[in-house]
Amino acid sequence: MPRPIVATIHLESMNHNLARAKACAPQAKAWGVLKANGYGHGLERAMRGFAAADGLALIEFDNAVRLRELGWSKPILLLEGCFDADDVRAMAQYDFNCAVHCDEQIAWLEAAEVKRTIHLHLKMNTGMNRLGFKPEAFAAAHARLRALPWVGEITLMTHFANADEAGHPVLTLHEQIRRFNLGAAGLPGPYSLANSAGTLHQVELSDVLVSDWVRPGVMLYGGTPGGRSAAEFGLRPTMTLSSEIIGTQNIVAGDAVGYGSRFQAERPMRIGVVACGYADGYPRHAPLGTPVLVDGVRTRLVGRVSMDMLTVDLSDLPNAGVGSKVVLWGEGMPIDEVAEAAGTIGYELMCALAPRVRVVEG
């Protein structure tokens, strides 16, 4: 028999979340972002789940090629662009859209012998300070690209640092938009500005934020980039990580549980052992009290998460025992709530799903 831990991927929920993204920005086309193996959901499953997207975006060149091999004929955007000069010809061969964020990439494009039109996405650094041209250098970069006869449409893009908190005390969304408008003034081309947070808040920001393309990522997978809960945004979980109780222990006051004996019982307790550990992708640093569902009832994590097992409090669940169903995150247990308890974000939990976990669709 297989180990009882399983990740169930909900394709219909992926389709639903994409529809929510499009409803938030009905004037825009939508990229479905498939980075990190579709945020841990699997490339092929994500392609099917987001079949209604206007294009798919990712950073891994080999996975972009795989999407073409799987039959995706609509646009594909490589969000970090070329990594060396040889990539330029491959971009043309597979008809990839290509982000451009530095002078080196422009030089590779200028030196390339390309016989097929490539559409580019010129990235502006409006304060994130990772990739992109500063606003004052943006027009010159655009002119160099526009001079290349085989360059097609140039989309103007940036990435927001704090779209989930428009009034951020260090860098506001409005300031990033102001910088973008300054650098893009007079340049032709569609705009690609909104990530998940920008897309979710598109309606209330419509007076300042207008994207021709949106780039939703985590919202497509039922997570929220911040602010309200995923359910409040009308999003559904797309991955449910579930397992079973495989053993129980009755302990008394003073007994410890797990490595390091960090948890000590203050009263008689009943402990359940779950077939899930950090080697499955569950966060080792999840603390006492992290929520878990057992037979549909909320309880809590106790003791340190180990490689293959974790332990939960069954004291108030007298009918739970070996074989009881456990949901670590997903349907009934929001992934963002688990992530917040563990001091991380839902993105990390999705992407950390281990290869040894059996994956099914449902």
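Just above sits the structure.
Conventions and cut-offs
Residues numbered from 1 in each chain as written. Predicted model: local features only at pLDDT ≥ 70, side-chain atom pairs only at ≥ 80, totals over all residues. Heavy atoms only, no water. Pairing = 2+ DSSP bridges. Helix = DSSP H or I, 4+ residues; strand = E, 2+ residues; numbered from the N terminus. Disulfide = S-S within 2.5 Å. Buried < 20%, exposed > 50% of the residue type's maximum accessible area, 1.4 Å probe, protein only. Salt bridge = Lys/Arg side-chain N within 4 Å of Asp/Glu carboxyl O. Arc of directions from axis to C-beta. Contact = heavy atoms within 4.5 Å. Axes fitted to C-alpha atoms, helices over the stretch in contact; angles between N-to-C directions. Left-handed = near helix turned anticlockwise from the far one by under 90°. Nonpolar A, V, L, I, M, F, W, Y, C, P; charged D, E, K, R; others polar. Expected span 1.5 Å × (residues − 1). Polar contact = N/O pair within 3.5 Å; in protein donor to acceptor, adjacent residues only side chain to side chain.

Some remarks on the pairing of strand β10 (residues 239-251)
Successive residues of a regular strand alternate their side chains across the two faces of the sheet. Note: strand β1 (residues 6-9) against β10, 4 bridges, orientation antiparallel. Across the sheet, the residue bridging to Ile9 is Met239, located in β10. Across 4 bridges, the pairing between β10 and strand β17 (residues 325-329) is antiparallel. Note on β17: the bridge partner recorded for Ser243 is Val326. With 6 bridges connecting them, β10 and strand β13 (residues 269-274) associate as antiparallel partners. Across the sheet, Thr248 pairs through a bridge with Gly272, a residue of β13.

Structural notes on the state of the cysteines
Scanning the entire structure with this criterion turns up 0 disulfides. Cys98 forms no disulfide, and the closest cysteine sulfur to it belongs to Cys82, at a distance of 3.7 Å. Overall, the relative accessible area of 1% leaves Cys98 in the buried class.

Thoughts on the pattern of salt bridges
This model, assessed by the stated rule, comprises 16 salt bridges. Arg298 serves as the salt-bridge partner of Glu337, at 2.6 Å between the closest nitrogen and oxygen. Taken as a pair, Glu337 in helix α10 (residues 335-341) and Arg298 in strand β15 (residues 297-302) lie far apart in primary sequence, 39 residues in all. A salt bridge links Asp313 to Arg300, with the shortest nitrogen-to-oxygen separation between them at 3.2 Å. Remark: Arg300 occurs in strand β15 and Asp313 occurs in strand β16 (residues 310-313); sequence separation between them is 13 residues.

Considering helix α6 (residues 103-111)
Think of an α-helix as turning once every 3.6 residues; residues three or four places apart then point the same way. Buried within α6 are the following residues: Gln105, Ile106 and Leu109. Projected down its long axis, α6 shows its buried positions confined to an angular sector of 100 degrees, all on one face. As for α6, its buried residues are in contact with α5 (86-94), β5 (97-100), β6 (118-124) and α7 (135-146).

Remarks on the packing of α7 against helix α8 (residues 173-184)
Between α7 and α8, the least distance of the axes is 7 Å, while the angle of their chain directions is 35 degrees. Once α7 is placed against α8, the crossing between them reads as right-handed. In contact with Pro135, Phe138 and Ala139 of α7, α8 contributes Arg179, Gly183 and Ala184. For the contact of α7 with α8, the class distribution of residues is 4 nonpolar, 1 polar and 1 charged.

Description of the sheet that holds strand β9 (residues 213-214)
Spatial ordering of the closed barrel is given by β2-β3-β4-β5-β6-β7-β8-β9, a layout of 8 strands whose pairing is parallel. Relative to strand β7 (residues 151-158), β6 is paired through 6 bridges, and the arrangement is parallel. Paired with Leu122 across the bridge in β7 is Leu156. The strands touched by helix α4 (residues 61-69) within the sheet are β3 (55-58) and β4 (76-78), with β4 carrying the most contacts at an inclination of about 175 degrees.

A closer look at α8
With 12 residues, α8 should reach 16 Å at 1.5 Å per residue; the first-to-last C-alpha distance of 16 Å fits that figure. Every buried residue of α8 is accounted for by Leu173, Gln176, Ile177, Phe180, Gly183 and Ala184. Considered in projection along α8, the buried side chains sweep an arc of 130 degrees and stay on one side of the axis. Residues of α8 that are buried make contact with β6, α7, β7 and β8 (191-194). One or two positions beyond α8, positive phi appears at Gly186, with a value near 80 degrees.

Side note on the environment of Glu60
Turning to its location among the elements, Glu60 is positioned in the loop between β3 and α4. Separated by 24 residues in the primary sequence, Glu60 and Ala36 place their C-alpha atoms 8.1 Å from one another. Not counting chain neighbours up to four residues away, the residues in contact with Glu60 comprise Leu34, Lys35, Ala36, Asn37 and Leu78. Polar side-chain contacts of Glu60 include one of 2.9 Å to the backbone nitrogen of Ala36.

Examining the pairing of β15
Both strand β14 (residues 291-294) and β15 contribute to a ladder of 4 bridges, which runs antiparallel. From the neighbouring strand, Pro291 faces β15, where its bridge partner is Arg300. Hairpin remark: β14 followed by β15, antiparallel, with 2 residues in the connecting loop; positive phi at Asp295, about 50 degrees. One ladder, built from 2 bridges, connects β15 with β16; its direction is antiparallel. Residue pairing in the sheet places Leu301 in a bridge with Val312 of β16.

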